[in-house]
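# Secondary and tertiary structure notes
For reference, the chains in residue letters:
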Amino acid sequence: MSWINLSALWKIVVFGLLAGAGLPAIFAMGLYSLSRGPRVQTAGGSDSDGLVGGSVVGMAVSALCFLVVLAAIGWGIYEVYKIGHPAPAK
Amino acid sequence: MSNTFVLVLVVITALGFDFTNGFHDTGNAMATSIATKALSPRVAVGVSGILNLVGAFLSLAVAATIASGLVDTKLVTLTVVAAGLAGGITWNLVTWLFGIPSSSSHALIGGVIGATLAAAGGHAVKWHGLVSKVVLPAVLSPVIAALVAATGTWLLYRISRSLTEAARGHGFRIGQIGSACMVSLAHGTNDAQKTMGVITLALIANKTVAAGSNAPFWVILSCALAISIGTYLGGWRVIRTLGKGLVEIEAPQGMAAESASAAVILLSSSFGYSLSTTHVATGSIIGTGLGKRGAEVRWNVAGRMATAWVFTLPSAALVGAGAYGLADVIGGTLGVVIDLIILLAVAAFIYWRSRGSKVDPNNVNDEWTGSVAPAEPQPAAA
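Residues numbered from 1 in each chain as written. Chains lettered and ligands numbered in written order. Predicted model: local features only at pLDDT ≥ 70, side-chain atom pairs only at ≥ 80, totals over all residues.

Attention shifts here to the overall build of chain B. Each helix and strand counted, chain B has 13 helices and zero strands in total. Element order for chain B, N to C, with α for helix and β for strand: α-α-α-α-α-α-α-α-α-α-α-α-α. Here chain B has a C-alpha radius of gyration of 20 Å; the compact-globule value for 382 residues is 21 Å, and the two agree. Structurally, chain B occupies a C-alpha span of about 70 × 45 × 30 Å along its principal axes. For chain B, the residues scored as buried account for 63% of the 382 residues in total. Partitioning the contacts of chain B with sequence separation of at least 6, the portion at a separation of at least 24 is 89%. (Helix = DSSP H or I, 4+ residues; strand = E, 2+ residues; numbered from the N terminus. Rg over C-alpha atoms; globule rule 2.2 N^0.38 Å. Buried ≥ 20, exposed ≤ 12 C-beta atoms within 10 Å, placed from the backbone. Contact = placed C-beta atoms within 7 Å.)

Structure representation (structure tokens):
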């Protein structure tokens, strides 16, 4: 009869940091890689905000980052589904 | 016969609560996206509604906590559940009127506990379950969310500091849409569950299903629909307070706040903690203000919210207890019916009051001037 479930607490903090701060950070790295390249800071045109830098390596790295984020989200949702549907208690 | 009639009334009231839960909480997911204009207000509430529907099916752990972890199901009657719901809905509507993002979950739990106390006394409440699964998570979750959001905000600005202002805004607005969607999904896994739990509690009280049962499918479906329709209609008043009132938010902050909220809510749902998505979202938004140098957190707005949070459980409990007392004095089916008629009258009154200072998709993003309803000088709404 403990009032506080410490094992759940540390899991929520650690996984919360990994998923809640880590994944957005990987996304940010993706944006950073995407912006590298020859087209950096050109002005004018429809895509003028410099989001896509045009470097092939940069784009490949950013694609990898975005894939990692998506995969982690998918896996997370699957885990939640699995935990959230236990066999009915008897 | 009359039992079935009361049961139907209770289920309808519970779905009504779920509906208020939806529109009270749209802001938790979408306020920051609307504030940074990542999504138009209409699209935001539409997407959020659909994802709440999906989320409601995703995890059933919290429904189990509500149905059997808080009060002794053997001592709960339909009248208790009806009175509890009356307490929850009343508090939800009052806080919505003032644009305070208080916890729908605590309103509901407070109402049910108040009614149980009035009906059967202190021994009918599982105090240990209440403290360990509701009160402590309520205190800890905003702090954890703020920590995660502050860390995320700091990381995002650090990593993206070489990007131009425009590129950063563009990129993170896309990320923000994704993270806001996750919050809506998480909201379904936590908040839609609460009404499922309560309806299951009513079914147990009526001996329609055995104690310890999971929510039947029709309960899951109707709750999922009620919360998603409520979400779609959008609680613009609360959206405004969260998106504009607390911190002025940029896209990277919005993404950090929402990712933190989504992660904390989903993790807690999995452990069966019925935490308040509202408290988490607010904690995250404050955290994102702390994580960015030069950002200003409006602590007076935060303080007003925290005060409302402290009062949520006891206030809803008082209304719940009062509603039970009234229904008990009148007695039987008539008592429940009169309770619900009064509830409808209160709801109509609050709706009428809200027309006086309207917040809608058109003015939700207006400059924050210290009050919920923008621009026009409004009569001193205390």
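More follows now that the structure is in view.
What follows concerns the overall build of chain A. Scanning chain A from N- to C-terminus turns up two helices and zero strands. The buried share of chain A, reckoned over its 90 residues, is 29%. Counting only contacts in chain A whose residues sit at least 6 apart along the sequence, the fraction spanning at least 24 positions is 49%.

What follows covers the packing of helix α7 (residues 165–205) of chain B against helix α10 (residues 251–270) of chain B. A pair of packed helices is captured by two measures, namely the crossing angle of their axes and the spacing between those axes. Residue and element names in this part refer to chain B. Interhelical geometry of α7 versus α10 gives an angle of 25 degrees and a closest axis separation of 8 Å. Taken together, the axis directions place α7 and α10 in an arrangement best described as roughly parallel. As for how α7 packs across α10, the hand of that crossing is left-handed. Of the residues belonging to the contact of α7 with α10, the class tally is eleven nonpolar, eleven polar and three charged. (Axes fitted to C-alpha atoms, helices over the stretch in contact; angles between N-to-C directions. Parallel < 35°, antiparallel > 145°, perpendicular 65-115°, else oblique. Left-handed = near helix turned anticlockwise from the far one by under 90°. Nonpolar A, V, L, I, M, F, W, Y, C, P; charged D, E, K, R; others polar.)

Residue and element names in this part refer to chain B. In this structure, Val81, Ala82, Val198, Ala202, Cys223 and Val264 are the most contacted members of the largest nonpolar core, which totals 138 residues. Counting residues per element, this core draws most heavily on α7, at 18 residues. Counting residues in hydrophobic clusters, the runner-up holds five residues, among them Ile100, Val301, Met305 and Trp309. (Core = buried A, V, L, I, M, F, W, Y, C linked by C-beta atoms within 7 Å.)

Each partner contributes to the interface: chain B provides 42 residues, whereas chain A provides 36 residues. Listing elements by their share of the side of chain B that touches chain A, those giving two or more residues are α6 (127–159), α7 and α10 of chain B. Looking at which element gives the most residues to the side of chain B that touches chain A, the answer is α10(B), with twelve residues. Across the side of chain B that touches chain A, the residue classes break down as 23 nonpolar, 19 polar and no charged.

Residues and elements named next belong to chain B. Inspection of the secondary structure assignment puts Ala119 in helix α5 (residues 104–120). Sequence-wise, Ala119 and Thr73 are 46 residues apart; in three dimensions their C-alpha atoms are separated by 13 Å. Residues contacting Ala119, with those up to four places away along its chain left out, are Thr77, Val80 and Tyr324.

Residues and elements named next belong to chain B. Looking at chain B as a whole, its pLDDT mean stands at 82, while 94% of the residues score no less than 70. Averaged pLDDT values over the elements of chain B bottom out at 74 in helix α9 (residues 236–245) and peak at 89 in α10. Note on the complex model: pTM 0.82, ipTM 0.84. (pLDDT = per-residue confidence, 0-100.)

Attention now moves to the environment of B:Val76. Residues and elements named next belong to chain B. With respect to the helices and strands, Val76 occurs in the loop between α3 (61–68) and α4 (78–97). Val76 sits in the buried class, given 23 other C-beta atoms within 10 Å. Apart from residues no more than four positions distant in its own chain, Val76 is found in contact with Val71, Val81, Thr116, Leu201 and Ala205.

Turning our attention to the packing of α5(B) against helix α12 (residues 299–330) of chain B. Residue and element names in this part refer to chain B. Contact geometry of α5 with α12 gives a least axis separation of 6 Å together with a crossing angle of 45 degrees. Between α5 and α12, the crossing angle belongs to the class labelled oblique. The way α5 lies across α12 gives a crossing that is right-handed. Split by residue class, the contact of α5 with α12 holds 17 nonpolar, eight polar and no charged.

Turning our eyes to something else, we now look at α7(B). Residue and element names in this part refer to chain B. For α7, which comprises 41 residues, the first-to-last C-alpha distance of 58 Å matches the rise-based estimate of 60 Å (1.5 Å per residue) to within 8%. Considering bend angle alone, the principal kink of α7 is centred on Gly188 and spans about 30 degrees. Counting buried positions over the 41 residues of α7 gives 35, a clear majority of the element. (Expected span 1.5 Å × (residues − 1). Bend = angle between axes of the 7 residues up to and from the residue.)

Time to look at unusual backbone geometry. Positive phi, close to 60 degrees, is recorded for B:Lys207, a residue that is not glycine. Among the secondary structure elements, B:Lys207 is positioned in the loop between α7 and α8 (217–233).

Our next topic: the environment of B:Ala120. Position of B:Ala120 among the secondary structure elements: in helix α5. Separated by 45 residues in the primary sequence, B:Ala120 and B:Leu75 place their C-alpha atoms 6.7 Å from one another.

Moving on: helix α11 (residues 277–290) of chain B. Helix length check: α11(B), at 14 residues, gives a terminal C-alpha distance of 20 Å against a target of 20 Å (1.5 Å per residue), a fit within 8%. With 13 of 14 residues buried, α11(B) is to be regarded as a mostly interior element.

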